[in-house]
Amino acid sequence: MNLHEYQGKEILASFGVNVQRGIVADTPEKAVAAAKTLTESTGTSWHVIKAQIHAGGRGKGGGVKLAKNLDDVRSIADNILGMQLVTPQTPPEGKKVHQVLIAEDVYYPGPSETSEIYMSVLLNRASGKNMIMYSTEGGMDIETVAEETPHLIFTEEIDPGLGLQGFQARKVAFNLGLSGTAFKEMTKFVSALYNAYVGSDASLFEINPVLKTADDKILAVDAKVTLDDNALFRHKDYAALRDLKEENPVEIEANEAGLNYVDLDGNVGCMVNGAGLAMATMDLIKQSGGDPANFLDVGGTADAARVETAFRLILKDPKVKAILVNIFGGIVRCDRVAQGIVDAYKNMGDAIKVPIIVRLQGTNAEQAKELIDASGLNVLSATAFEEAAQKVQSVL
Ligand code: GDP
Ligand code: MN
């Protein structure tokens, strides 16, 4: 589950990580009120107004603006709220902004007195350890830094059994070229950040930039946080942080129907039982020149109702030019699945305008093929995997 910046910062703060203070707002009036409240506690009348969407690169897209007084706050918030923000990380049409974060300006007295650092905590799957990745080149696109100046990116691996050691936090501060107060503040920052990552069962904390202020404070200015869905049962209070407006509506509907659906860019819809077979099916579609439009695991019970729900979900994607059904009948019998497909097809009338290729293998596969072939519907049957892929290719 991905979070908004303001939510990520709330989690960070709850673990004692220093963050740029801010208040979220969904109208220009609330933005002004937020700025007033912030000024009372921070003493500064300059604020940044930041669009809250699940995508980075907002600064480049015009979603992060500096306001020097309350009139600025109002007009900038008014501008950003409701806009379709396009950044290098959004889909081409952008994402609609429903909320802005009003945050204290922490770049006083100016950019030359501050420095932007990159820092993230994530799992290194290869070593099975957690990893802090950091760089003096903060505020920039880290992929570009990795490509052009890879020697400026450091990593520190942490054994999850031992936790972050004091010497490791000091090493991070040292490699970042810090000294004095900033050095001490950075070691505190790193330990608190690591605790937040472990304590919230996150799979990613990316803070770009971490700011060293002119008076040697270390602050999280941005926060990209991904929580591990499989650990959410341990954090009931985090469930409320899910923002369905940011998620794909078809994926939400599929989730509610108990189907595992992931939207992809291609033109061949897939309906498969079992995640492993779904992956293999997608590979085969690719190899035979097609491109999968989705990942869909219908699970063990492929009855007519479930098959129909799956067809309807797949067909919501206008890119779909053909559907490949690839089901292995182990527990579920193939002839029952075939009957389910035929029933669903008839039930849906003209809703299905694309050819369907069905490959059923396993118990009663022969009867299943006969059922499909005798149905008179625009459904092609196949028994071998390659044959199914070729048939898909022939209808595209
Ligand atoms: P992103 O573009 O989506 O990654 O959003 P960020 O939160 O990283 O903000 C983008 C940029 O806005 C930062 O790299 C800073 O240069 C700038 N910025 C953020 N907060 C402040 C602030 O308090 N004052 C000023 N002057 N600039 C800020
Ligand atoms: Mn950022």
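The structure displayed is predicted, hence computed values, not measured ones.

Colleague: Could you clarify how one ought to interpret the overall build of the protein chain in this entry?
Modeller: Of the regular secondary structure elements, the protein chain holds 13 helices and 18 strands. Each of the 396 residues in the protein chain was classed as buried or not, and the buried ones make up 49%. When the accessible surface of the protein chain is totalled, it reaches about 18500 Å², and 52% of it is carbon and sulfur. Looking at the protein chain, you have 38 positive and 52 negative side-chain charges, and the mean spots of the two groups are 2 Å apart.

Colleague: Looking at this model, I keep getting lost on the coordination of the manganese ion (ligand 2). Mind explaining?
Modeller: Octahedral metal centres with six donors ideally show angles of 90 or 180 degrees, and tetrahedral centres with four donors ideally show 109.5 degrees. Looking at the manganese ion (ligand 2), the protein donor atoms are N208 (O) and D222 (OD), and they sit 2.2 Å from it. Here the residue N208 occupies a position in strand β10 (residues 202–212), and D222 occupies one in the loop between β11 (218–220) and β12 (224–227), the gap between them amounting to 14 residues. In terms of burial, N208 and D222 fall into one category: buried.

Colleague: Even after reading the chapter, I still don't get the packing of helix α11 (residues 334–348) against helix α12 (residues 365–374), so can you show me in this structure?
Modeller: Two quantities define a packed helix pair, namely the angle between the helix axes and the distance between the axes. For the pair α11 and α12, interaxial distance at closest approach is 7 Å and the crossing angle is 20 degrees. Taken together, the axis directions place α11 and α12 in an arrangement best described as roughly parallel. Seen from above, α11 lies across α12 with right-handed handedness. From α11, C334, D335, A338, Q339, I341 and V342 reach across to α12, where they touch A365, Q367, A368, L371 and I372. Classifying every residue of the contact of α11 with α12 gives 8 nonpolar, 2 polar and 1 charged.

Colleague: Honestly, the sheet that holds strand β6 (residues 100–104) in this entry has me stumped. Any pointers?
Modeller: Hydrogen bonds between backbone groups are what pair the strands of a sheet, and the pairing can be parallel or antiparallel. Read from one edge to the other, the open sheet built from 4 strands follows the order β1-β6-β2-β3, with strand pairing classed as antiparallel. The outermost strands of the open sheet, each flanked by one partner alone, are β1 (22–25) and β3 (64–67). This sheet shows a mean twist of 25 degrees between the axes of neighbouring strands, independent of strand direction. For β1 and β6, the ladder comprises 4 bridges, and the chain directions are antiparallel. Across the sheet, the residue bridging to G22 is A103, located in β6.

Colleague: Honestly, the site of ligand 1 in this entry has me stumped. Any pointers?
Modeller: As a structural note, the neighbourhood of ligand 1 is formed by 17 residues, with Q20, K50, R58, G59 and D105 the closest of them. Here an oxygen atom of ligand 1 and a backbone polar atom of G59 are 2.8 Å apart. Contacts to ligand 1 include N208, whose backbone N or O atom sits 3.1 Å from an oxygen atom. Contact with the protein chains hides 80% of the accessible area of ligand 1, taken as 570 Å² for the molecule alone. Those elements giving two or more residues to the shell around ligand 1 turn out to be β2 (47–51), α3 (58–61) and β10. No fewer than three residues from each of domain 1 (1–19 + 108–247) and domain 2 (21–105) sit in the shell around ligand 1.

Colleague: Help me understand the pairing of strand β14 (residues 268–272), please; the structure alone is not making it clear to me.
Modeller: Two faces make up the sheet, and in a regular strand the side chains alternate between them. β14 sits mainly inside the fold: 5 of its 5 residues count as buried. Across the two faces of β14 the burial is the same, with V268, C270 and V272 and G269 and M271 all buried. Sheet topology places β14 next to strand β16 (residues 322–329); 5 bridges connect them, and they run parallel. Bridge assignment links V268 to a residue of β16, and that residue is A322.

Colleague: Help me out: how do you make sense of the nonpolar core in this one?
Modeller: What tends to happen in soluble globular proteins is that the nonpolar side chains get buried as a cluster. L12, M119, M186, F189, F205 and L227 are the most contacted members of the largest nonpolar core, which totals 40 residues. For this core, the secondary structure elements donating two or more residues are α1 (5–14), β7 (115–124), β8 (129–135), α6 (166–175), α7 (180–199), β10, β11 and β12. The leading source of residues in this core is α7, at 10 residues. Formed by 35 residues, the second largest nonpolar core is a distinct cluster that contains Y261, V307, I323 and I327.

Calculation rules
- Residues numbered from 1 in each chain as written.
- Chains lettered and ligands numbered in written order.
- Predicted model: local features only at pLDDT ≥ 70, side-chain atom pairs only at ≥ 80, totals over all residues.
- Heavy atoms only, no water.
- Helix = DSSP H or I, 4+ residues; strand = E, 2+ residues; numbered from the N terminus.
- Buried < 20%, exposed > 50% of the residue type's maximum accessible area, 1.4 Å probe, protein only.
- Areas by Shrake-Rupley, 256 points an atom, 1.4 Å probe, with all protein chains shown as cover.
- Lys, Arg positive; Asp, Glu negative; His and termini not counted.
- Charge placed at Lys NZ, Arg CZ, Asp CG, Glu CD.
- Donors = N, O, S within 2.8 Å, 3.2 Å for Na, K, Ca; no water.
- Axes fitted to C-alpha atoms, helices over the stretch in contact; angles between N-to-C directions.
- Parallel < 35°, antiparallel > 145°, perpendicular 65-115°, else oblique.
- Left-handed = near helix turned anticlockwise from the far one by under 90°.
- Contact = heavy atoms within 4.5 Å.
- Nonpolar A, V, L, I, M, F, W, Y, C, P; charged D, E, K, R; others polar.
- Pairing = 2+ DSSP bridges.
- Near = heavy atom within 4 Å.
- Polar contact = N/O pair within 3.5 Å; in protein donor to acceptor, adjacent residues only side chain to side chain.
- Domains from an automatic or database assignment.
- Core = buried A, V, L, I, M, F, W, Y, C linked by side-chain atoms within 4.5 Å.

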